[in-house]
Amino acid sequence: MTEKDHMMLHRLETLRRTIEASQHEAGSLYDYLDRGRPDADQKFETWVEINQQRQASTEAHTRLAQLVSYLRQHSPALIDLWVDTHQAIYREIQRLGRAGRDPMPLEPYVSAQALAAWEQVRTGQREFVIGNGYVMRHHQDLITKHFGF
């Protein structure tokens with residue numbers, strides 16, 4: 001892989017992770033509003049933060065969609081590498097579960113869904129996939145292992 005390819009792969013994955021983190025943070029904030037019993041000031045501040053997370057997600061999504069579109073035309077092998085890497089992560093999660101590493105109850109289902117969703121990225125039906133870190137115990141460690149960052 002060339003240095004340029006490595007930089008583009010890093011950019012793809014960084015944007016995807018930005019969206020994922022923003023969406024997960026917004027979800028946690030919604031949970032706080034539902035269950036945390038915030039007072040009026042806390043509710044206001046929480047809504048401000050939710051809107052900031054939504055904006056960050058929207059901006060990163062726009063940039064990622066543009067980059068994916070560009071790479072589909074100019075470097076489809078890089079999109080394949082991105083997909084292959086994520087699919088390897090989910091296959092490893094499945095292997096860990098089969099090896100008795102006490103998978104979380106939804107890991108097999110979520111892994112199978114993610115494998116199929118990443119295949120849709122390869123075929124152009126989707127731009128990216130957001131992982132469900134809440135039910136995937138080893139997901140973040142495996143992302144770091146497979147991508148090297």
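Residues numbered from 1 in each chain as written. Predicted model: local features only at pLDDT ≥ 70, side-chain atom pairs only at ≥ 80, totals over all residues. Heavy atoms only, no water.

The next thing to look at is the side chain of His-86. Locating His-86 in the fold gives a position in helix H3 (residues 76-98). Ignoring any residue separated from it by four or fewer positions in sequence, one finds His-86 in contact with Glu-13, Arg-16, Trp-118 and Phe-147. (Helix = DSSP H or I, 4+ residues; strand = E, 2+ residues; numbered from the N terminus. Contact = heavy atoms within 4.5 Å.)

Turning next to the pattern of salt bridges. Applying the stated criterion across every chain, the model contains eight salt bridges. Asp-80 is paired through a salt bridge with Arg-122; the nearest N and O atoms lie 3.3 Å apart. Here Asp-80 is found in helix H3, whereas its partner Arg-122 is found in helix H4 (residues 107-122), with 42 residues between them in sequence. Across the pair Asp-84 and Arg-122 runs a salt bridge, and its minimum N-O distance is 2.6 Å. Within this pair, whereas Asp-84 is found in helix H3, its partner Arg-122 is found in helix H4, the two being separated by 38 residues in sequence. We classify Asp-84 as partly exposed; its relative accessible area is 37%. Judged by relative accessible area, Arg-122 falls into the partly exposed class, the value being 25%. Look at the salt bridges and you will find they share partners, linking Glu-13, Arg-16, Arg-17 and Glu-20 into a network. (Salt bridge = Lys/Arg side-chain N within 4 Å of Asp/Glu carboxyl O. Buried < 20%, exposed > 50% of the residue type's maximum accessible area, 1.4 Å probe, protein only.)

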